[in-house]
Amino acid sequence: MKICIYGAGSVGCYIGGRLQAAGSDVCYIGRERIGKEMRQHGLQLSSYRNERWQVPPTAIHFSSEAIAAAAADLILVTVKSAATPTAAAELAGILKPSAIVISFQNGLGNSDVLRASLPQHTVLEGMVPFNVIAYGPGALHQGSQGELEVKTSPGLQAFIQDFSNAGLPLIQHADMLPVQWAKLLFNLNNAINALSNRPLKEELSQRVYRHCLALAQAEALALLAQAGMQPAKLTPLPATWIPAFLRLPDALFERLGSKMLAIDPLARSSMSDDLAAGRITEIDWINGEVVRLAERLGQQAPVNAHLCKLIRAAEQSAQRPSWSGDDLLTELADAKRRGGATH
């Protein structure tokens, strides 16, 4: 069974590399710049648990053309959310009738976009909970813990062993929307981390930044409750308890938080990496989802809307912002007051 990574960036190459290192047949589709690096250097993969894997350059099968997915039995779509319509259009008409597609992307609606262009195929929602750091040509590091989550489908049974052998077991769910919202609640920190311009562990070790995240999460949770949606439990704590947990004093948070989520000291959010590279971020598919939920409910989401505004300004700025926790918290608290939020 052949597996194709469509959107061979950091996350896609890491998952594909782990699968390939465990013996799976994997091909990659992405930008030629990345293909050139992989053909020259192969893949050197590592994790926060000091595990290491390698895929030699001679084993790399890379193409910049979507037609390379024509022979695949499973396609993992890992492009940025803005590129999903392009991915859907390129894959339409070239896939095998039996091919299964998993959207391992941020946001909530990418699988719907893919499904609209691939109506004859099984398209599944997926979720990647961990952070991947690119620290050199072909060198990728998993900086935080978590397991791959995916919507249940009988067709996945043919691939369960591949992921298990790679140490990336697929956790299946009948309904992925609560899981996606739970992941999105954590991803609300991406904007805060990007604006702080600090590694994740350093940022989250400071109560004032965590308070910023608590504001964004509490706002989203209030809207989800109004919509009748209960996020899945991805940590030992229910999602509704996490804002209060984030507000704990630093020493207590560090002692309890280390048991909940292991984070590499150098890990940063993908949004922070995008700002550093001068790329447009996925803010509209993360904090923007909360703003759209509020609009559907006839409400406002001033904290998340303001984070969207700050990130868009950072995208256009010639100089990378580095917000202090105090300044950012003041900014978000003011936005909350102006918006009349009650949570």
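What you see is a predicted model, and the numbers here were worked out from it, not measured in a lab.

Draft legend 1. Representation of the overall build of the protein chain within the structure. Within the protein chain, the secondary structure is distributed over 15 helices and twelve strands. Here the protein chain has a C-alpha radius of gyration of 20 Å; the compact-globule value for 343 residues is 20 Å, and the two agree. The C-alpha extent of the protein chain, read off along each of the three principal axes, is 55 × 40 × 40 Å. A burial count over the protein chain gives 53% of its 343 residues as buried. Considering only residue pairs separated by 6 or more positions, the protein chain has 68% of its internal contacts joining residues 24 or more positions apart. Total accessible area computed for the protein chain in this model is approximately 14900 Å², and 52% of it derives from carbon and sulfur atoms. Side-chain charges in the protein chain split into 31 positive and 30 negative, and the spacing between the mean points of these groups amounts to 3 Å.

Draft legend 2. Spotlight on unusual backbone geometry. A positive phi angle, close to 65°, is found at Asn 50, a residue other than glycine. With respect to the helices and strands, Asn 50 occurs in the loop between β3 (43-47) and β4 (52-55). Owing to a relative accessible area of 67%, Asn 50 belongs among the exposed residues under this scheme. Notably, Asn 197 is not glycine yet its phi reads approximately 60°, a positive angle. Considering the arrangement of structural elements, one finds Asn 197 in the loop between α7 (189-196) and α8 (200-204). Exposure remark for Asn 197: the relative accessible area of 25% places this residue in the partly exposed category.

Draft legend 3. Examining the sheet that holds strand β11 (residues 148-151) more closely. Here we have eight strands laid out as an open sheet, ordered β5-β2-β1-β6-β7-β8-β11-β12, and mixed in their pairing. The open sheet terminates on both sides in strands that have one partner only, identified here as β5 (62-63) and β12 (170-173). Taken together, the two bridges between strand β2 (residues 25-29) and β5 define a ladder with parallel strand orientation. If you follow Ile 29 over to β5, its bridge partner there is Ser 63. In this fold helix α3 (residues 84-91) packs onto β1 (2-6) and β6 (74-77), with an angle of close to 140° to the strand it touches most, β1.

Draft legend 4. View of the state of the cysteines. Evaluation of the coordinates by the stated rule reveals zero disulfides. Here Cys 4 stays unpaired: no disulfide links it, and the sulfur of Cys 27, its closest cysteine neighbor, is 3.6 Å away. Cys 4 gets classed as buried once you look at its relative accessible area, which sits at 0%. Of all cysteine sulfurs, the one in Cys 4 lies closest to Cys 13, which takes part in no disulfide; the gap is 11 Å.

Draft legend 5. View of the nonpolar core. In this structure, Leu 188, Val 290, Leu 307 and Ile 311 are the most contacted members of the largest nonpolar core, which totals 49 residues. Looking at this core element by element, the count peaks at eleven residues for helix α9 (residues 207-227). Beyond its immediate chain neighbours, meaning those up to four positions away, Ile 311 contacts Ala 191, Ala 194, Leu 195, Met 271, Leu 275, Thr 281 and Ile 283. Tyr 14, Tyr 28, Val 55 and Ile 60 belong to the second-largest nonpolar core, a separate cluster that totals 35 residues.

Reading the values: rules and limits
Residues numbered from 1 in each chain as written. Predicted model: local features only at pLDDT ≥ 70, side-chain atom pairs only at ≥ 80, totals over all residues. Heavy atoms only, no water. Helix = DSSP H or I, 4+ residues; strand = E, 2+ residues; numbered from the N terminus. Rg over C-alpha atoms; globule rule 2.2 N^0.38 Å. Buried < 20%, exposed > 50% of the residue type's maximum accessible area, 1.4 Å probe, protein only. Contact = heavy atoms within 4.5 Å. Areas by Shrake-Rupley, 256 points an atom, 1.4 Å probe, with all protein chains shown as cover. Lys, Arg positive; Asp, Glu negative; His and termini not counted. Charge placed at Lys NZ, Arg CZ, Asp CG, Glu CD. Pairing = 2+ DSSP bridges. Axes fitted to C-alpha atoms, helices over the stretch in contact; angles between N-to-C directions. Disulfide = S-S within 2.5 Å. Core = buried A, V, L, I, M, F, W, Y, C linked by side-chain atoms within 4.5 Å.

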